[in-house]
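Per-entry structural report
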Protein chains: 2
Amino acid sequence: MNDLTISLDVKSQEPLYEQIYHYIKSEILSGELPFKKRLPSTRKLAEYLQVSRTTVDLAYEQLVSEGYLEAVPYRGYFVCDLEGLYHFETKRPVQALRPVQESVCCTYDFSPSGVDLDSFPGNAWKKLSKEVLQEEDRKLFQLGDPQGEYELRRTIAEYLHQARAVEAEPEQIIVGAGNDFLLLLLCSMFGAGQKIAMESPTYKKAYDVFRNLSNEVRIVEMDESGMRVDLLEQTDAQIAYVMPSHQFPIGLVMPLKRRMQLLAWASSGEGRYIIEDDYDSEFRYKGKPIPALQGFDRAGRVIYIGTFSKSLAPAIRISYLVLPKALLSVYQQRGRIISSTVSRVDQRIIAGFLDQGYFERHLNKMRAVYRSRHDLLLEELKAFRSFCSVSGEHAGVHLLLTFQNGMTEQEAVELAAREGVRVCGLSRYFVGEAAGQPSHTVLLGYATLSEEEICEAVRRLKRAWIP
Amino acid sequence: MNDLTISLDVKSQEPLYEQIYHYIKSEILSGELPFKKRLPSTRKLAEYLQVSRTTVDLAYEQLVSEGYLEAVPYRGYFVCDLEGLYHFETKRPVQALRPVQESVCCTYDFSPSGVDLDSFPGNAWKKLSKEVLQEEDRKLFQLGDPQGEYELRRTIAEYLHQARAVEAEPEQIIVGAGNDFLLLLLCSMFGAGQKIAMESPTYKKAYDVFRNLSNEVRIVEMDESGMRVDLLEQTDAQIAYVMPSHQFPIGLVMPLKRRMQLLAWASSGEGRYIIEDDYDSEFRYKGKPIPALQGFDRAGRVIYIGTFSKSLAPAIRISYLVLPKALLSVYQQRGRIISSTVSRVDQRIIAGFLDQGYFERHLNKMRAVYRSRHDLLLEELKAFRSFCSVSGEHAGVHLLLTFQNGMTEQEAVELAAREGVRVCGLSRYFVGEAAGQPSHTVLLGYATLSEEEICEAVRRLKRAWIP
């Protein structure tokens, strides 16, 4: 019994049986209790330690289940051969070694990619997360449908119908971990070597994904209505990638007439498709929302992509595709092999978030928050109107400022940085031949700045840009 | 005041301010409270409802923040114009409409893809999940590093070093939502048109992913040591996809000599790489574990893939790549554009799971559970030894049974199904020219069956297969 002089701490957070488990395990690992050594019976050890027999039973069972002890009927518990058992030492690293991920940051950051995380509905998320994990549903940890949970797809279909006039059955929806992944999946469905029309500037990651998978990108010029369909007709493109609700980064909203021309292009050729990226359609501050292109599509040529990254939080990796019915068999053959990329727990949380009205409330709240920042920024930017024009306003969470006094974006970015303000040049979104060409335009994203910060940032921009 | 005859339920789970919020919101939406209508002051409504003024304040603030009410200083609260506000009606679908996902199921399922979910450490998962969400860390919902959280990558590197002798810095690790996604990512990094050597039979999804992205697959014959390197040398393949720890589905463990030959092949040509898929290396029941190929690789030619889907739960969509250092710049240029596919919450949960010793305990427990089922199944299968041979045992969670009495796999599968037992034919994993060819081998996966179920299932197989 001298082997097991365990000092138990009854005040510890750790249950007594765990303390016994850990002690015996460490004795086995250190060799103090060697292979084949017989342990005291649970009755004896319980008496000796002045604990209930159940406590010792629990500890022994744990050790048996993990392969440290063997229970031999009528003879007792014996130490096992440790060969093949896992034992990991955790080495806590020196914190200083951890690389600093955040690059040098300006005090006021107008970069267009953030969202306002102060408004993230953390409590609702925690509540739903707890509820889902309480369900004790074993299915939760089995591999789910590659398309995503049926309940979530139903909920997304309903939301899209009401908010965006998108026509979709749950069967047409594919849930995936972010837009970039869904674009990869689409490429995988279509196969390499597609000819894809894009605007310039555009969402650069989409361009890179297409190119990396050996597709050819045809750049089609934009006018004030968006991608020029007359020029699109002259290319050999079979797929057109557009953002009709709020073109990134230009901020154009494609008018109905151009949308119809685009749909006519798609339906007039075999195998033509439009990829409609509706990434930030949720926020619109003036006039009625324009329904998604997909809702007007009678020929089944629009592939719709939406995301919760922009409306909820970037770290919530849930986006969705709506495939036209004609592509469902292609998905079955070539897309379904990719297992779902979103955990079932997260899928159920977000389904609850939509179904229980949290998403509606969150969107309305964010729309009010962003509109107020949008209006304030527009007002403040009047200080620059003698040499700047504003565009891309009234929707999304960024707008553009174009210098008409000859200042280049590079100068504007550098001057702003000296005052501690980060603005992004438009040119980083140019693709094709235009890539790297200088511009006179900067983007101002206002999602992550409070109203006070917007005022102070514009004050600094005045110092930076007004001679 | 007659407008607001709210009947509050003090016993409800719903807080009083939420009840007031919902009542007023529905009055606004129904038009009972029209645009520009002035609401009673918070003081008056509080008196009328016999609640504290704070309660009414909270309700009004909520309505203001979501755009239903406007607060006009010194004048009070007024109903807003509802244009642009989101309001979703949730239609609960008739449950019967929901498609049944599960196909007709046999009572006893030997399919090789499951894991034992009764042993899933649900309580530890819940505890860690709660802890992570309690952190109140805003960063949790910002977009994270495309490679994955640094802490998780450090933890995985430590685990791989100790369990698999893999040499990896956190900088070499990329976390992604499943092996299929990581293979897509690799394809995207290499670009289309690669020539990839594979065995047949093999992990069919990998074959499909490669082919769908316009790579050419060269099938290289196996012998009793695995992929024949002499035949590999004769192909123009630049990349070889192998599973040295436990070839799927054959169950071969590649001996050290063949591993060395494979490494020699890789290092003897410019730009040659080996993809080592170590999908179920965690479970091995006899002899010492063989370290991963990656650990022997001095030339930096092995791309290692591992997953928590097999060791923990399939619905936990977390896998990881270890890239050789020479490929890090390729990842930076072509891979990093794909945003992380795993939520930061899940990444922190699993990092805690590894760091706090839960994973070690879980692996030891599962190894004991699976070994016991493995030993029992081997014992039970002796009944067939006059006309069957067993292979692929001693590792993983499935083994193979080959009929030497002329019975085809199709016959075996059908006869078993008639007795309510599901077994999988080997032929579904054949690729290339061999695809669709008949075999005499079936797979028996034992991860999801209890010991009692294994005994009963084998009893039924005897009825099915012994004339």
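A count of helical and extended segments in chain A gives 14 helices and 17 strands. Judged by the C-alpha coordinates and their principal axes, chain A covers about 90 × 55 × 40 Å. In chain A, of all internal contacts separated by at least 6 residues, the share reaching a separation of at least 24 is 70%. Here chain A displays about 19600 Å² of accessible surface, and carbon together with sulfur accounts for 49% of that area.

Residues and elements named next belong to chain A. Judged by pairing direction, the sheet is mixed, and its seven strands sit side by side in the order 4-12-11-10-9-5-6 without closing on themselves. Both outer strands of the open sheet, strand 4 (173-176) and strand 6 (216-219), are each paired with one neighbouring strand and no more. With strand direction ignored, the average angle separating the axes of adjacent strands in the sheet is 20°. Note: strand 4 against strand 12 (residues 319-322), four bridges, orientation antiparallel. If you follow Ile 173 over to strand 12, its bridge partner there is Val 322. Across the sheet, helix 6 (residues 179-190) lies against strand 4, strand 9 (239-242), strand 10 (273-277), strand 11 (302-307) and strand 12, angled at about 155° from strand 11, the strand it touches most.

This paragraph deals with the relation of the copies chain B and chain A. Once chain B is rotated about the relating axis by 180° and shifted along it by 0.0 Å, it coincides with chain A to within an RMSD of 0.1 Å. This pairing of chains is accounted for by a two-fold axis. Interface overlap between copies: 100% of the residues of chain B at the interface are likewise at the interface in chain A, consistent with a symmetric, same-surface contact.

The subject of this paragraph is the confidence of the model for chain A. Mean pLDDT for chain A: 90, with 96% of residues reaching 70 or above. The complex prediction reports pTM at 0.87, with the ipTM value standing at 0.86.

With that settled, consider the interface of chain B and chain A. In this assembly, 92 residues from chain B lie in contact with 92 residues from chain A. Summed over the shared surface of chain B and chain A, the result is six salt bridges. Salt-bridge contacts for B:Glu66 lead to A:Arg361; the nearest nitrogen and oxygen are separated by 3.0 Å. The interface formed by chain B and chain A contains 24 residue pairs in polar contact (both at pLDDT 80 or more). Contributing elements (two or more residues each) for the side of chain B that touches chain A: helix 1 (16-30), helix 3 (53-65), helix 4 (122-134), helix 5 (150-164), helix 6 (179-190), helix 7 (204-212), helix 11 (344-355) and helix 12 (358-380) of chain B. The residue makeup of the side of chain B that touches chain A, split by class, is 36 nonpolar, 22 polar and 34 charged.

Quick look at the sheet that holds strand 16 (residues 424-425) of chain A now. All names here are of chain A. Across the sheet, which stays open at both edges, the four strands sit in the order 13-14-17-16 with antiparallel pairing between neighbours. Of all strands in the sheet, those bounded by a partner on one side alone are strand 13 (388-391) and strand 16. Relative to strand 17 (residues 441-445), strand 16 is paired through two bridges, and the arrangement is antiparallel. Paired with Cys 424 across the two strands is Leu 443, which belongs to strand 17. Lying on the sheet, helix 13 (residues 409-418) is in contact with strand 14 (398-403), strand 16 and strand 17; it crosses strand 17 at an angle near 45°.

Before going further, it helps to examine the nonpolar core. In terms of nonpolar packing, the biggest core is built from 149 residues, with A:Trp125, A:Phe141, A:Trp465, B:Trp125, B:Phe141, B:Tyr370 and B:Trp465 touching the most fellow members. Among residues more than four places away in sequence, those in contact with A:Trp465 are A:Phe384, A:Phe387, A:Leu401, A:Phe403, A:Met407, A:Ala412, A:Leu415, A:Ala416, A:Val423 and A:Val442. In this structure, A:Ile338, B:Phe181, B:Ala206 and B:Leu323 belong to the second largest nonpolar core, which totals 80 residues.

A few words now on the environment of A:Leu252. Residue and element names in this part refer to chain A. Considering the arrangement of structural elements, one finds Leu 252 in the loop between strand 9 and helix 9 (256-267). Classification of Leu 252 by relative accessible area gives buried; the value is 19%. Separated by 30 residues in the primary sequence, Leu 252 and Met 222 have C-alpha atoms spaced 9.8 Å apart. When neighbours within four sequence positions are excluded, Leu 252 is seen to be in contact with Met 222, Asp 223, Glu 224, Ser 225, Gly 226, Met 243, Pro 244, Ser 245, His 246 and Gln 247.

The next subject is the state of the cysteines. All names here are of chain A. The final tally for this structure, using the stated rule, is zero disulfides over all chains. No disulfide involves Cys 455; its sulfur sits 18 Å from the nearest other cysteine sulfur, which is in Cys 388. A residue is classified by how much of its surface remains accessible, and Cys 455, at 18% relative accessible area, is buried.

So, on to the environment of B:Ile24. Residues and elements named next belong to chain B. Relative to the helices and strands, Ile 24 resides in helix 1. On a C-alpha basis, the gap between Ile 24 and Leu 69 in space is 9.7 Å, while along the polypeptide they are 45 residues apart. Apart from residues lying up to four places away in sequence, Ile 24 is in contact with Leu 4, Leu 33, Leu 39, Tyr 60 and Leu 63.

All right, on to helix 5 of chain B then. The periodicity of an α-helix, 3.6 residues per turn, causes residues three or four positions apart to be oriented the same way. Residue and element names in this part refer to chain B. Across its 15 residues, helix 5 extends 20 Å between first and last C-alpha, which sits within 8% of the 21 Å expected from 1.5 Å per residue. Taking burial as the measure, the 15 residues of helix 5 include twelve buried ones, the bulk of the element. If you check which residues of helix 5 are buried, you get Tyr 150, Leu 152, Arg 153, Arg 154, Thr 155, Ile 156, Ala 157, Glu 158, Tyr 159, Leu 160, Ala 163 and Arg 164. Lining the buried residues of helix 5 we find strand 4 (173-176), strand 11 (302-307), strand 12 (319-322), helix 11 and helix 12. Once helix 5 ends, the next one or two residues include Ala 165, with phi positive near 55°.

Here is what the cut-offs are and how they apply
- Residues numbered from 1 in each chain as written.
- Chains lettered and ligands numbered in written order.
- Predicted model: local features only at pLDDT ≥ 70, side-chain atom pairs only at ≥ 80, totals over all residues.
- Heavy atoms only, no water.
- Helix = DSSP H or I, 4+ residues; strand = E, 2+ residues; numbered from the N terminus.
- Contact = heavy atoms within 4.5 Å.
- Areas by Shrake-Rupley, 256 points an atom, 1.4 Å probe, with all protein chains shown as cover.
- Pairing = 2+ DSSP bridges.
- Axes fitted to C-alpha atoms, helices over the stretch in contact; angles between N-to-C directions.
- Least-squares fit on C-alpha atoms with pLDDT ≥ 70 in both.
- pLDDT = per-residue confidence, 0-100.
- Salt bridge = Lys/Arg side-chain N within 4 Å of Asp/Glu carboxyl O.
- Polar contact = N/O pair within 3.5 Å; in protein donor to acceptor, adjacent residues only side chain to side chain.
- Nonpolar A, V, L, I, M, F, W, Y, C, P; charged D, E, K, R; others polar.
- Core = buried A, V, L, I, M, F, W, Y, C linked by side-chain atoms within 4.5 Å.
- Buried < 20%, exposed > 50% of the residue type's maximum accessible area, 1.4 Å probe, protein only.
- Disulfide = S-S within 2.5 Å.
- Expected span 1.5 Å × (residues − 1).

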